[in-house]
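Okay, here's what each chain looks like letter by letter:
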Amino acid sequence: PNNIDIQSIISFLTLIIVFWYTYETHILRKQSEKQTDEIIKQKELSIRPFIRLLYYSKQETCELGRKLLVLTNEGTGPAIDISITVKNKMNGPIKNADIKFLKIPVINQGDQCIIWDSYIEVNPMQSTWTKMHYISPRADVFNEYILKIKYQDILNNDHIALIKTNIKYTDAFEIIEQKKIL
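The following refers to the structure shown.

### Considerations on the pairing of strand S8 (residues 158–165)
(1) Moving on: Bridging between strand S7 (residues 145–152) and S8 involves 7 bridges; their strand directions are antiparallel. Residue pairing for S8: lysine 150 is matched across the bridge by isoleucine 160.
(2) Moving on: In this structure, the hairpin formed by S7 and S8 is closed by a connection of 5 residues, where asparagine 156 is found at a positive phi of approximately 65°.
(3) Moving on: Note: S8 against strand S9 (residues 173–180), 7 bridges, orientation antiparallel. Considered in S9, the bridge of isoleucine 160 is made with lysine 179.

### Thoughts on the nonpolar core
(1) Moving on: Judged by nonpolar contacts, the single largest core of 23 residues is most densely connected at Leu71, Ile82, Ile84, Leu147 and Ile149.
(2) Moving on: Elements supplying a minimum of two residues to this core: strand S1 (51–56), strand S2 (68–73), strand S3 (79–88), strand S5 (104–107), strand S6 (112–115), S7 and S8.

### Observations concerning the environment of valine 86
(1) Moving on: With respect to the helices and strands, the residue valine 86 is situated in strand S3.
(2) Moving on: Of the residues examined, valine 86 reaches a relative accessible area of 0% and is grouped as buried.
(3) Moving on: The spatial distance from the C-alpha of valine 86 to the C-alpha of lysine 148 is 6.4 Å, given a sequence separation of 62 residues.

### Here's the deal with the pattern of salt bridges
(1) Moving on: For the structure on display, the rule yields 5 salt bridges.
(2) Moving on: Notably, a salt bridge pairs glutamate 74 with arginine 52, separated by 3.2 Å at the nearest N-O pair. Of the two residues, glutamate 74 is situated in the loop between S2 and S3 and arginine 52 in strand S1; the sequence distance between them amounts to 22 residues.
(3) Moving on: Given a relative accessible area of 44%, glutamate 74 falls into the partly exposed group.
(4) Moving on: Between glutamate 177 and lysine 179 there is a salt bridge whose closest N-O contact spans 3.4 Å.
(5) Moving on: With a relative accessible area of 38%, lysine 179 lands in the partly exposed category.

### Re a nonpolar patch on the surface
(1) Moving on: A contiguous nonpolar surface patch, about 610 Å² in accessible area, is contributed by Ile9, Phe12, Leu13, Leu15, Ile16 and Phe19.
(2) Moving on: Assessed through its relative accessible area of 47%, leucine 13 is described here as partly exposed.

### Remarks on the environment of alanine 161
(1) Moving on: Along the chain, alanine 161 turns up in strand S8.
(2) Moving on: For alanine 161, a relative accessible area of 0% corresponds to the buried category.
(3) Moving on: Sequence separation between alanine 161 and isoleucine 51 is 110 residues; the distance between their C-alpha atoms is 7.2 Å.
(4) Moving on: When near neighbours in sequence (up to four residues on either side) are disregarded, alanine 161 contacts Leu147, Lys148, Ile149, Tyr151, Glu177 and Gln178.

The rules we used
Residues numbered from 1 in each chain as written. Predicted model: local features only at pLDDT ≥ 70, side-chain atom pairs only at ≥ 80, totals over all residues. Heavy atoms only, no water. Pairing = 2+ DSSP bridges. Helix = DSSP H or I, 4+ residues; strand = E, 2+ residues; numbered from the N terminus. Core = buried A, V, L, I, M, F, W, Y, C linked by side-chain atoms within 4.5 Å. Buried < 20%, exposed > 50% of the residue type's maximum accessible area, 1.4 Å probe, protein only. Salt bridge = Lys/Arg side-chain N within 4 Å of Asp/Glu carboxyl O. Patch = residues over 30% accessible without salt bridge, like charges linked within 9 Å, V, L, I, M, F, W, Y side chains within 5 Å. Areas by Shrake-Rupley, 256 points an atom, 1.4 Å probe, with all protein chains shown as cover. Contact = heavy atoms within 4.5 Å.

Note that all results are geometric; they support no functional claim without further evidence.
Shown next as C-alpha cells:
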C-alpha cells in the first residue's frame, strides 16, 4: 500500500511539472511571436514610403504663376509604380470627373516629383491646362478633390494614400488615410 501511494504522488507531481512546463513554454511562444511580429513591423516601417502632396509655384517655370502639384516621399524607402486618380466632388468645368495621371515609375526617399501637365492622361473633351488649373488652393477657384495615390514599396507591398483638398491646411491638403493594402 505504501508503494502505491508514493508512486501516485510521484506521478501526480510529474503531471503538475509537465503542466507547468507546458504553460511556461506557451507563454514563451506567445512572447516570441510578439517579438517576431514587432521585428517584421519595424522592418516594414524602415523601408516604407510615405507620400505627401504639396503645391509648387515658381514664376519662371509656371505659366501665369499657377501652382503645380508636387509628390514628395517623406518615408524611408522608395515609392514604386505610383498611380494617381483625382475625383472632383464639387462644381466646375470638370464636375464629378476623374482625372488620371500617367504612372510615375519611382520616387526615392526624400525626393520630389513635380507633376507637370504632361503627366496627365489627355481627355479630348478638356485641356490638360484646365485640369491642372482647377486643382488649386485659391479660394476663388477651389473645388473639393479626393486624390487616390497607389504605390508599392520595395517588397512589392501595395499602399494607398487618400488625400483631400482642404484650405484649412497650410499646404491645402488633408491626409485622410495612408495605409498598406492587405
